[in-house]
Amino acid sequence: MSIISNFRYIIRDIADIREHIDTEKAAENIRSSIFFKGPNVWILVCAIVLASVGLNVNSTAVIIGAMLVSPLMGPIFGIGLGLGTADPELIKTAFKNLLIMVTISVVAATLYFLLTPLKLANPTELLARTNPTIYDVMIALFGGLAGIFELSRKEKGTVISGVAIATALMPPLCTAGYGIASASLTYFLGALYLFCINCIFIILATYIMVKYLRFTPKHFKDVAKEKRIRTLMTAIIILVIVPSIWSAIGMIRENRFKMEVEDFIAENKNLEKGYIYDYKINLRKGGSVEVFIAGEPLTASSRNRLMESAERHGIGENQLKLSERALSDNNDDTSERLMKGIYERTDNEISKREARIRELEKELALNKKDEIPYMQISREIRSQYPDIRDIFIAKGAEVKADSLEAVPGYVVVAASAAPVGDEDMEKLQGWLKIRLSDTTVTVINKTLHQ
């Protein structure tokens, strides 16, 4: 019992943060960081242009640099602090500054993408900011927790820089600007949705830590006003938390559906007289997938097997659409996707074969390492013992009858016209132990009959 108590004491002592936290100073720092004027305006514009350039040329290093420069985190922490301390004025001020920052960021990004001479045929970094996943939720939530811990700590470190990089607030705003510049509603809405997800979960994390660390709440002289304010704060918190939980659950479902689809495609890539060369996932209304098949038309049994496989992966019959294409189809779009499927299939086959070749090469190297140099050893033995005519060398295992224990070792049979003396046999056995680097060598002398 004392061991458990000691262990609890050690854990409690390690995890105790009270001596390292200064909530008053943290609240002061957060309040001072929400204001957007003077140098912060120009820093934000420079950061948004940097991030836009990074997204435009697919440069991760430039995007990270822009996120470190950006002052966007201040108002977001301010809203969380305002919710946690029931301070409506702080929430109002922080929200107003955040709205101004977002507007300037989107406008600056839009102007950049309208004026830039750089054109991007495959905007992978931009596309990555249009489809939020459950991982973005987790990054925003735990990043926010780490951020408020850092702001509350007496000894400041570099955590805020890491939070700014991890939560990635700037790139979605740049992508929203790109969506306006390119008249793409998908980019604009997807990027703003990701930005809102990041903001909401950082605010939620800040609110949780402000309550946990017991920041000093705002007090009002008018009791009735204080009651109204706290009711309003509760309503706002519910409005923040409920959509957060709902979106997180939705993203978990979407992520699970995507994984099941990928497993289903991998399992059924090669069909009897055709193969799946592409697929398209639609996450609306519970999710659905359209599978594109090239080759001869599916038989009833093949179609049933596909449906059964889909059911095993949690994909209902109403969620799966099979689009068959004959190999003779000359449609340009179909041909392009078909060739893409062929290349992917070929690359997968090559990768599998290369992996198998590497495995076989490793096995061959191990076998060569254990290979016995028969001819060389035989010549060396015959040069020392001319009477020995035939030599047999094998590596096996000796099984002891009393313990049924298998002992690995070498067995050497030396055939000679006349028996080899005991002294010579001992010398030969000792030499072979050194030559074969093994102490379990057994030498047997066999006399040849004339």
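These numbers come from a predicted model, not from an experiment.

Parameters and conventions
- Residues numbered from 1 in each chain as written.
- Predicted model: local features only at pLDDT ≥ 70, side-chain atom pairs only at ≥ 80, totals over all residues.
- Heavy atoms only, no water.
- Helix = DSSP H or I, 4+ residues; strand = E, 2+ residues; numbered from the N terminus.
- Buried < 20%, exposed > 50% of the residue type's maximum accessible area, 1.4 Å probe, protein only.
- Contact = heavy atoms within 4.5 Å.
- pLDDT = per-residue confidence, 0-100.
- Core = buried A, V, L, I, M, F, W, Y, C linked by side-chain atoms within 4.5 Å.
- Phe/Tyr/Trp six-rings, centres within 6.5 Å; stacked < 30°, edge-to-face > 60°.
- Axes fitted to C-alpha atoms, helices over the stretch in contact; angles between N-to-C directions.
- Parallel < 35°, antiparallel > 145°, perpendicular 65-115°, else oblique.
- Left-handed = near helix turned anticlockwise from the far one by under 90°.
- Salt bridge = Lys/Arg side-chain N within 4 Å of Asp/Glu carboxyl O.
- Pairing = 2+ DSSP bridges.
- Expected span 1.5 Å × (residues − 1).
- Polar contact = N/O pair within 3.5 Å; in protein donor to acceptor, adjacent residues only side chain to side chain.
- Patch = residues over 30% accessible without salt bridge, like charges linked within 9 Å, V, L, I, M, F, W, Y side chains within 5 Å.
- Areas by Shrake-Rupley, 256 points an atom, 1.4 Å probe, with all protein chains shown as cover.

Within the protein chain one finds 16 helices and 6 strands. Looking at the protein chain as a whole, 39% of its 450 residues are labelled buried. Put simply, 71% of the contacts in the protein chain that link residues at least 6 apart link residues at least 24 apart.

In this section: the confidence of the model for the protein chain. On average, residues of the protein chain score 76 in pLDDT, and 78% of them are at 70 or above. Mean pLDDT across the secondary structure elements of the protein chain bottoms out at helix α7 (residues 124–127), with 55, and peaks at helix α6 (residues 88–115), with 88.

Turning next to the nonpolar core. Membership of the largest hydrophobic core comes to 61 residues, with the highest contact counts inside it found for Leu 72, Leu 83, Leu 169, Met 170 and Phe 195. Top contributing element to this core by residue count: helix α11 (residues 185–212), with 12 residues.

If you walk through the whole model with that rule in mind, you get 3 aromatic pairs. Taken together, a centroid distance of 5.1 Å and an interplanar angle of 80° make the contact between Tyr 112 and Phe 113 edge-to-face. Assigned by exposure class, Tyr 112 and Phe 113 land together as buried. Ring geometry for Tyr 178 against Tyr 187: centres 5.1 Å apart, planes inclined by 75°, an arrangement best described as edge-to-face. According to the relative accessible area criterion, Tyr 178 is buried, its value standing at 18%. Residue classification places Tyr 187 among the buried positions, given a relative accessible area of 14%. By way of ring pairs, the aromatic residues Tyr 112, Phe 113, Tyr 178 and Tyr 187 are connected into one cluster.

Relative to each other, helix α5 (residues 73–85) and α11 sit at 45°, their axes nearing to 8 Å. As far as their axial angle goes, α11 and α5 are oblique. Helix-helix and strand crossings are classified by hand; for α5 and α11 the assignment is right-handed. Of the residues in α11, those touching α5 at Met 73, Ile 76, Phe 77, Ile 79, Gly 80, Leu 81, Leu 83, Gly 84 and Thr 85 are Cys 199, Ile 202, Ile 203, Thr 206, Tyr 207, Val 210 and Lys 211.

Going through the model one piece at a time under the given rule, you end up with 3 salt bridges. Between Glu 267 and Arg 312 there is a salt bridge, and its shortest N-O distance comes to 3.0 Å. Of this pair, Glu 267 sits in helix α12 (residues 223–267) while Arg 312 sits in helix α13 (residues 300–312), and the two are 45 residues apart along the sequence. Judged by its relative accessible area of 44%, Glu 267 is partly exposed.

Attention now goes to the environment of Ala 109. Along the chain, the position of Ala 109 falls in helix α6. For the pair formed by Ala 109 and Val 45, sequence separation is 64 residues and the distance between their alpha carbons is 8.8 Å. For Ala 109, the residues in contact, after removing those within four places along its chain, are Ile 48, Ser 52, Leu 173, Cys 174 and Gly 177.

This part is about the packing of helix α2 (residues 23–33) against α5. Interaxial distance between α2 and α5 falls to 8 Å at its minimum, and their mutual angle equals 130°. The orientation of α2 relative to α5 falls into the category oblique. For α2 against α5, the interelement crossing comes out left-handed. Taking contact as the criterion, the partners of Ala 27, Ile 30, Arg 31 and Ser 33 in α2 are, on α5, Gly 74, Pro 75, Phe 77, Gly 78 and Leu 81.

A separate point is the pairing of strand β1 (residues 274–282). Sheet topology places β1 next to strand β2 (residues 288–295); 8 bridges connect them, and they run antiparallel. Its bridge partner lying in β2, Gly 274 is registered against Gly 295. Turn length for the β1-β2 hairpin, with the two strands adjacent in sequence and antiparallel, is 5 residues, and the turn residue Lys 285 shows positive phi of about 50°.

Moving on, we come to α11. Taking 1.5 Å of rise per residue, the 28 residues of α11 would be expected to cover 40 Å, and the 40 Å separating its terminal C-alpha atoms lies within 8% of that figure. Where α11 ends, the next residue or the one after it, Arg 214, has phi of about 60°, a positive value.

What follows deals with the side chain of Ser 184. One can find Ser 184 in the loop between α10 (170–181) and α11. From its side chain, Ser 184 meets the backbone nitrogen of Tyr 187 in a polar contact 3.4 Å long.

On to the environment of Cys 46. Here Cys 46 lies in helix α3 (residues 39–56). Residue classification places Cys 46 among the partly exposed positions, given a relative accessible area of 47%. Remark: the alpha-carbon pair of Cys 46 and Ala 108, spanning 62 residues in sequence, is separated by 9.2 Å.

What follows concerns a nonpolar patch on the surface. Together, Val 107, Leu 111, Leu 114 and Leu 115 line one region of the surface with nonpolar side chains, adding up to about 410 Å² of accessible area. You can see Leu 114 is positioned in helix α6.

Phi is positive for Ala 86, which is not a glycine, with a value near 55°. Mapped onto the elements, Ala 86 comes out in the loop between α5 and α6. Looking at Ala 86, the relative accessible area reads 5%, which means it is buried. Although it is not a glycine, Ala 183 sits at a positive phi angle of roughly 55°. Note that Ala 183 resides in the loop between α10 and α11.

Glancing now at the environment of Val 102. Structurally, the position occupied by Val 102 is in helix α6. On the basis of relative accessible area, Val 102 is assigned to the buried category, the value being 15%. Through-space distance from the C-alpha of Val 102 to that of Leu 169 is 9.9 Å; in sequence the pair is 67 residues apart. Leaving out residues up to four positions away in the same chain, Val 102 has contacts with Leu 173 and Phe 195.

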